[in-house]
Structures are given as structure tokens and as C-alpha cells.
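Residue strings, one per chain:
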Amino acid sequence: MTTNFYIPEDHAPLPPKQAEVITTACDYCIVACSYKVYRWPLEMADGGMKASENAFGLDFPTAPLQAWVAPTQHNVVMHKGKPHNIIVVPDKDATVVNKMGDSSMRGGLLAKKVYNPSTGTRDRLTQPLVRIGGSLQPVTWEFALEIAAAVGQHVIDTHGSNAYGVKTYSYQYIENTYAITKYALRHVNTANFSFHDTPSDVTSTPGFRDAGFDNFGPSYDDWGAADTLMICGTDPYETKTIIFTQYIMPAIQRGMKTVILNPRETAGIAYMKKHGGLHLDVNPGSDTLVVGAIARIIMQNDWQDKDWIENWVNSKWESNSGSGQGTRNTPWQWRTTWGKFQTNGYEDYKKWNLAQAEYDPDYAANMAGIEVKKLYQAAEMLAKPINGKRPKTSIGIEKGFYWSNNTGNTNAISTLATLVGAGGREGQVVGRFGGHQRGGQSGGKLPRNKSPEKVPGRRRRALDTDRYLFSGHTRFTHVIGTTWIQAMCGSQGLQKKFWELTVANPHQVYSYDKQEIIDTLKARADSGGMVVVNQDIYLRDPIGAKFADIVFPAATWGEEDFMRANGERRLRLYQKFNDAPGHAKPDWWIIAQLSKRMGFDGFDWQNSNEVAEEASRFSRGSRKDFNMIKVAAHAEGKTLHQKLKEYGTEGLQGPVFYNYDTKKLVGTKRLHDTQMSAETLAEKGLTDGPQGANVLKKQLTGFNSQTGKINMQKHPWGLFSDFYAWIKPKGDELWFSNGRVNEIWQSGFDDVERRAYTAQRWPENWVEIHPDDAKKRGIESGDQVMMYSDRVPSFKDTILGVEGDDFQFNQLLDAGHIQLDKAAVTAVAIVTPCTKKGVLYANMIDMKQPSNSLTARVVDQISGNYNYKMGVANIRKIGDSVYKKEFRSFSFAPRNIV
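Residues numbered from 1 in each chain as written. Predicted model: local features only at pLDDT ≥ 70, side-chain atom pairs only at ≥ 80, totals over all residues. Heavy atoms only, no water.

Engineer: When you look at the nonpolar core in this model, what are you seeing that I'm missing?
Structural biologist: One recurring pattern in soluble globular proteins is that nonpolar side chains are buried together. Grouped together as the largest cluster of nonpolar side chains are 116 residues, with contacts concentrated most on Tyr183 and Ile248. Top element by residues in this core is helix α2 (residues 141–159). It accounts for ten residues. Sequence-distant contacts of Tyr183, defined by excluding residues within four places in its chain, comprise Tyr164, Val166, Val188, Asn189, His478, Ile591, Leu594, Ser595, Phe600 and Phe603. Formed by 100 residues, the second largest nonpolar core is a distinct cluster that contains Met230, Ala368, Phe401 and Ile543. (Core = buried A, V, L, I, M, F, W, Y, C linked by side-chain atoms within 4.5 Å. Buried < 20%, exposed > 50% of the residue type's maximum accessible area, 1.4 Å probe, protein only. Helix = DSSP H or I, 4+ residues; strand = E, 2+ residues; numbered from the N terminus. Contact = heavy atoms within 4.5 Å.)

The following block contains the structure:
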């Protein structure tokens, strides 16, 4: 037997009547389905088959759609130091999100992510580690924290705060993200800070921000309330399953039309096509051209939503108003008042679009590799009135779209949305479908004025942490809950630089004496090397296993009371139901202990609720404003966590308001609700403006601009066209792109590395290739292949931008700021017509063979984000893989099976 062979369990216990019931939500994708945890001591008898004998109150076997338990939904955990059974199942009583208790495959396996040393989770980090003699050695918290604090403070004092880098997740739990950003941005006050999915602290969808759209304004109901839904850069079935099965699919069955922009066809897209959906299978990076051409067709046919545009689009004067005087360090303000993007309303945009040769439908279709008639079909489906009635159109985007010409795509789709009247009305919305859940709560602001990077004029760019490190300026870096190297573009080059700055530096620790360790690590930082602290739940390779000098073990889902919101801003308490393993501690606690040792004040929290309550005041006015939950809680003599717990799996949609008259908390179904009724405002206690501590911002009934109207933006192709022309496949190269599949969450830390079934289904990295491309190269399904390139452009240094085109790709090349790296990754080939001819599609973040090694480490010149979906590669067969003929692992069936 050469591969893992999964033999499924065939039995699971039922929870007894006396089992405790704890509410939580799924820990994985943006949807955040509602779950219940049933817990009972090991010595207590399990529940019986009769309704009177189990906690579900049902006779077993049950009927379809009733409660049941799969073996994968059971585990044994420690609670208060004693072993307990747990069952983690979808909430069958749910009336929101996963209504009636549906779940994705990922959510159905939640119980298996919980620590149990007899399972694949046995390698959880359980105590602090310090690297001594090249090996990570267990130490006490005090020992590890004192070393980290002493060395970190030395770096700040000697080399400046920007030499102290922090790379962290943006999405996790509110208590953790608040603590981390308070420490990094308010106290260390470093500009050398970025989140897990970008090299700089910038918005992921600059066009949405510039137009005035909130990424997560829509409710889930809105995705099924349109007449036409446009889906860009994702298959919701693959990546956020319950949004598809509970909201989109029933709407399609009722007659909702769909337009899909994606170079790959998977099960959800196939389903939509079967029911009349239009699939625009575009070449990677051509989306701006396609969207601009569709916009042109709509305007030429006079199908635009005239009333919406008249009432809700800013003139030039209106977009200028309120933007401040003199130096503007807020990027969206200078972009929305800058000639490259700003318009004087609809007529000005129309004139501009019609003058751009690249938005001619024939040109756009040719560049995208699609039939031009599809552009006309799309325009009709999105905007053409039928019997004098306009279709209600919604537009949702995700990473395949906005991580490919980041500024251009998001500006273009914002303008298209405005043309068709997609804003803040039921079934007429625009937003992100989402990836991670929304647990970010900032405890400080990026000190942009400390960034050495700038663009023409007196405007600072957010510091690019990858380039800053690559340039040798980062002397100490604290990496929290993210696989920094594999997650960034040009990852093999980045890994080599990490190695040079850490392992290859002559100052290595060989002593167990604390002061000697501190002195050695200080000497490394002073010599131009780098010290790495890694904080995670597993020892990740290479960031923790190879490069970290200190490792802090973190506690996670189910091991602490945490708050988080989902993709429709629904806030819930994710309750603790088991002990963290060993000495592992929640991230907020680790940060607090480190901060106190560095002399920072305000970190004396005793529990996670105290962190949440402090964070609540900083949430005011945001999309997930939860400050009023604390106000209501304190009025009743309760804590914030206690009050939110009362709302169970339903939670409250932010921003949350408190009606002082009725003493009720009221959530918000959608943002930018231009049709919000007087009754709804009265229910929130906002009839005569905000009461008490309530905060009322324009985003509730308008858009995020000074006037509350939309900024209609240009989307100049010329900012991207030189890069696109350079990177287009040459010779035998193919486009290279990547993304997710249903069975794997993110980096696979729970599933492909620690769950037997998923490890058998996806045991190695994989790549999809079209049959015509495969035949030409002699490749069959199951072959081991190598994808390789000597054209991986990498931005190698930190520069000042003084002239207007300093960040244009050709100018960067000519000025010597771009180096061409070589990279290669191996994979198992899947020959399938699901992927567009001329395009390779691979797993987004395989830990051993990271796809991003082949994507360009060059940021979007306006936003500072990577275009992760843009790469090229050659591919050749190495030989047969072990999976080609044994039929125990992998499936080579196409993913567009309906």
C-alpha cells in the first residue's frame, strides 16, 4: 500500500438527555453556519435510540432532514481536566444562515479539528519553544516571553519601530485582532505591518472603497432576491457552499438568471449553466476589458438605470467636497479626486469609456478569449428592460476577480454595478461573497506617515512588508497565525531571503542561558539579520519549523469565548467548550503578556470578555458596530459576552443599535439601504437621529462618501496593460492561476494534513490542465508533472515614487527594480475540460509545493495588493504518479458534474 487508506468509522454515540448544549458557529468559511455542541462526561451513559433517551428528543433512525450524528461529528476532549464526549452538529433549529441545519463538508467535520492526542491533531503546539542549537526546545512562558520582549525592545530602540515587523491574520476573532493591532500599531507603532493576504495594510477592493461600497453590505437573502446575479471570480458552491445551496440555488430554480465570470467550470457553475446561466470563461487578467465592454454595450443601448444614476451618483464637485485640504494621506480620497479615476458623473464616464479603444467589445472579447456575442448576452441579462421593466441585478465578486488587476477590476465592476442600479436595495446589491469570516477589529491605525514609500505628490504608500524584508530592513518579525511565505507571491524567492536572514546568519543560539540567548539574537539583528517569533496552533513549515527563534502556542476555536461576524455582519459568541492543550493560550493573552514585558500599558485584561468590551468602543460606526451590545449588557448588569450568548446561533447583524425606549437591541439587515423604512428606523430608535451612544453613519442608508452618493470611477487599462503584455504566455507557456476546492480549507492545516479522508482525497498538490494542452505535452491524468518558470518577476527593493509613472511595470523593469526569479513546483495532473484551454489551475496554497511560487511578486501600482491569480508556467511530465492506476487516492473525474 503506497498511499493513505481511509477506513471510515461506522458508529457515533448519541448525546444523552443530560448533555450540556453550547452554541457556536463554524470556524471555516465566510458563511459561518450555526452549530451546537453537545457535551457530556465520558463516565455518563450515551443517549439511547428512543426520543426519551437522547438530547435531540427524536426516535432513531430519524427521517431525512432531522437531527442525526455522523462519526466525524464526534470527538473526545478535555473539559476542566476530565475527558468528555462532544458532538458538533449543525443547528437544526436555525432560521438564519444555514436554515434548518444544512452544512458544508467542511462544517460537517468541525468536531475533528478539536485537539485529541489520539487523532491527527496530536501535533498541536502545547508549550513555548526556543531554538537552541538548531532545534526548538520546550521552555516556560516566562523564559520565552522575556527573550522576545528584550530582543524586540532592543530592535525598536536601536533600529527604529519599522525594523519591528508584524504579520498577522485579519479575519480571526475580535478579541485577538484587537489585541494584536493595539500592540503593533498603537504601541510598537510600526508601519511594517500587514495582514495575511496582502503585503501592505490596504483595502482588498480599492474600487469598492473609492465608489463608496462596503464589501459586506448585502445580506445573504439578497443573493437570492435578484432577477439576474453576476458572479465574478468564484464558484460559491465550491468556496461558500451554504450561500449557494440555501440562497442562490433556490433562486435559480425560481427563475433567477446568472452571469459568471471565471476561467474554470466547477459544479456550481455547471449547475448555473444547466439552468440558463451565461459563463464568460475569460483569460486570467482580462476581466477589466470584459466589464468595460459590457458597460459600453449597456450605455450604447440606453439600458442604464437613469433614475438611480440621477439620484445616487456624485458629480465632480460632490466627490471633491469634504475631502480635506493639502496633504491627504488617505488613499481613497486622492484616488477619488484624481484625474486618472475621477469622473464628473455618468455622462463624463460614458464619454471616457467610448473613447477607449480597449473597451470595444470585439477587442475585449479577443483579449479574453471568448465569443463577442457573450458580451452582448451579458449586457442584456444584466440591464435590458423586459416589457418596460428593468431587471433587478446584483453583483458579487471574490478573489479570482479582485486579485487580478486589483484596482482596475474593482473600479470597473463598481461602475458596472452603478450603471445597472446595484446598490443597497433588496435584490439589487453589490459586494464580496467573502472568504474568511470577519473577526477584524483594529486597536490602532497604521502610521502611514512613517512609511518610506510614497507616490508622486506628498502621499505615502502603506509599507510593503515583503519588499521591506527583502531589502534587509526588517530585523525582528512577529508572525501570527499565517503561513506568510507560501501565502505571498514569488514565495520561493521569499523563502530564500528568510533563510539568508535567519539560518544563514552567523549569530545562532547554542546556549541555554537566557541572557546569552538575548545577546545572541540582538547581535543577529544588529548584524543585518532577522529574529523571528511565530505564534500558531501548529508548527508550520518553514516559518515555524525552520526559521522561528521563538514559538508561542496558541489556543483556538472552542478553547476560549470569542466573538466574530460572518459575511452578512452577523455577530455571535463562539463559546468555549473544551480545554486548550497543554500550556497553549489565546492570542490576546500572549500579546498582553508580551506587551506588558515591553513596558506597554493597557494590557491588564483578565479574560476575553474584558478585551471585547474595550474593543467595542473602537467598533463604533463600523459595519459590525457592537458597542451597543455592551451598553445593553451593562444596563442589565451583564457582560458583553453574556448578552451576546443570549442570542445563540442567530446572533445580531451589525451595526447593532439599542432602542432606549423598548430596551431592545436591533441589528441591520443590509448596509446602504436606500429604501429603509421609517418603521425600521423607529425600531432601531433612530426616528429623530441617534439616541444616546448609538452611532448613525451614512453607510446605513447611503454610501461611504462625503455626500452619501456613489463615486463613479474610470478604470484605465493603461495602468495594467504593460504588465499584462509582458506576462502573457510566450512560446510553450500557459497561463497559471490557482484557487480553492470544496474539500480543503485554506492551507489545509485541519484537513489535508490531519484528516484521513481528505488526506486520501487530496494527498498531494494538483493541477488541472485542458485536454488539448495535455495532449500536446503528452500528459495524462495521474501523471506527476512539474510546472516551472524563469519569468517570475519580483519587486526586489523599497523605493520612493516621485514621478507619475515610477510604479508602472515597464518603468520598474527599466529602472532595475524588478528581478526575474526561477521557480518550480510539482503536482499531480488532472486532465479536464473544466479549465479553460491555455490555463493551468492549481491548489492555491499547498504547503509543500506552493502555487504562489509561480505568481508575480509585483504589487498593483495603485492599491499595493498582489495580483495572486496572475502567473505563467511551462509544464512537463516527470512520470506516472502512484495514484494513476491504484484508484485509492485522488479522483480524476471532472468537477463540473451536476
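Engineer: Quick question: what am I supposed to make of the packing of α2 against helix α22 (residues 587–597) here?
Structural biologist: In helix packing, the relevant descriptors are the interaxial angle and the interaxial distance, both defined with respect to the helix axes. Direction vectors running N to C along α2 and α22 enclose 55 degrees, while the axes themselves pass 9 Å from each other. In terms of axis orientation, α2 runs oblique to α22. By crossing handedness, the relation of α2 to α22 is classed as right-handed. On the side of α2, the interface is formed by Trp141, Glu142, Leu145, Glu146, Ala148 and Ala149, while α22 contributes Trp589, Ile590, Gln593, Leu594 and Arg597. (Axes fitted to C-alpha atoms, helices over the stretch in contact; angles between N-to-C directions. Parallel < 35°, antiparallel > 145°, perpendicular 65-115°, else oblique. Left-handed = near helix turned anticlockwise from the far one by under 90°.)

Engineer: Explain the packing of helix α6 (residues 241–254) against helix α7 (residues 267–274) here, please?
Structural biologist: Running from amino to carboxyl end, α6 crosses α7 at an angle of 15 degrees, the nearest separation of the two axes being 10 Å. Considered as vectors, α6 and α7 are oriented roughly parallel to each other. For α6 against α7, the interelement crossing comes out right-handed. Two secondary-structure elements touch here, α6 through Phe244, Met249, Ile252 and Gln253 and α7 through Gly268, Tyr271 and Met272.

Engineer: For this particular structure, what's the right way to read the layout of surface pockets?
Structural biologist: Using a probe with the size of a water molecule, rolled over the atoms, empty space left in the structure can be pinpointed. Here the second largest pocket defines a volume of roughly 640 Å³. In this structure, the second largest pocket is lined by 33 residues; those nearest its centre are Glu753, Pro763, Asp846, Met847 and Lys848. (1 Å grid on protein atoms, 1.4 Å probe; cavity = no way out; pocket = protein on both sides within 12 Å on 5 of 7 lines; lining within 4 Å. Points joined across faces, edges and corners; volume = space filled by probe spheres on them.)

Engineer: Can you walk me through the side chain of His478 in this structure?
Structural biologist: Locating His478 in the fold gives a position in strand β17 (residues 476–480). Residue His478 is classed as buried on the basis of its relative accessible area, which comes to 0%. Here His478 is in contact with Tyr164, Gly165, Val166, Lys167, Tyr183, Val533, Gln535, Phe552, Ile591 and Leu594, once residues within four sequence places are set aside.

Engineer: So what exactly am I meant to see when it comes to empty space enclosed by the protein here?
Structural biologist: Scanning the entire structure with this criterion turns up eight cavities of 30 Å³ or more. Contributing to the lining of the largest cavity are 39 residues, with Tyr171, His436, Gly481, Gln746 and Phe749 lying nearest its centre. Of the residues that constitute the lining of the largest cavity, the class distribution is 16 nonpolar, 13 polar and ten charged. Here the second largest cavity is characterised by a volume of approximately 380 Å³. In terms of lining, the second largest cavity is formed by 30 residues, of which the most central are Gly233, Thr234, Gly400, Asn738 and Tyr841. Listing elements by their share of the lining of the second largest cavity, those giving two or more residues are α5 (236–239), α15 (399–402) and β25 (734–739). A per-class count over the lining of the second largest cavity returns eight nonpolar, 13 polar and nine charged. (Nonpolar A, V, L, I, M, F, W, Y, C, P; charged D, E, K, R; others polar.)

Engineer: Explain unusual backbone geometry to me, please; I cannot follow it from the model alone.
Structural biologist: It is generally the case that most residues other than glycine have a negative phi and that most peptide bonds are trans. For the bond running from Asp541 to Pro542, omega is 10 degrees, close enough to zero to count as cis. Its location among the elements puts Pro542 in the loop between β18 (531–536) and α21 (543–547). Note that the residue after Gly654, namely Pro655, is joined by a cis bond; omega there is -5 degrees. Residue position: Pro655 is located in the loop between β22 (652–653) and β23 (657–659). Unusually for a residue other than glycine, Lys663 sits at a positive phi of about 65 degrees. Note on placement: Lys663 falls in the loop between β23 and β24 (664–666).

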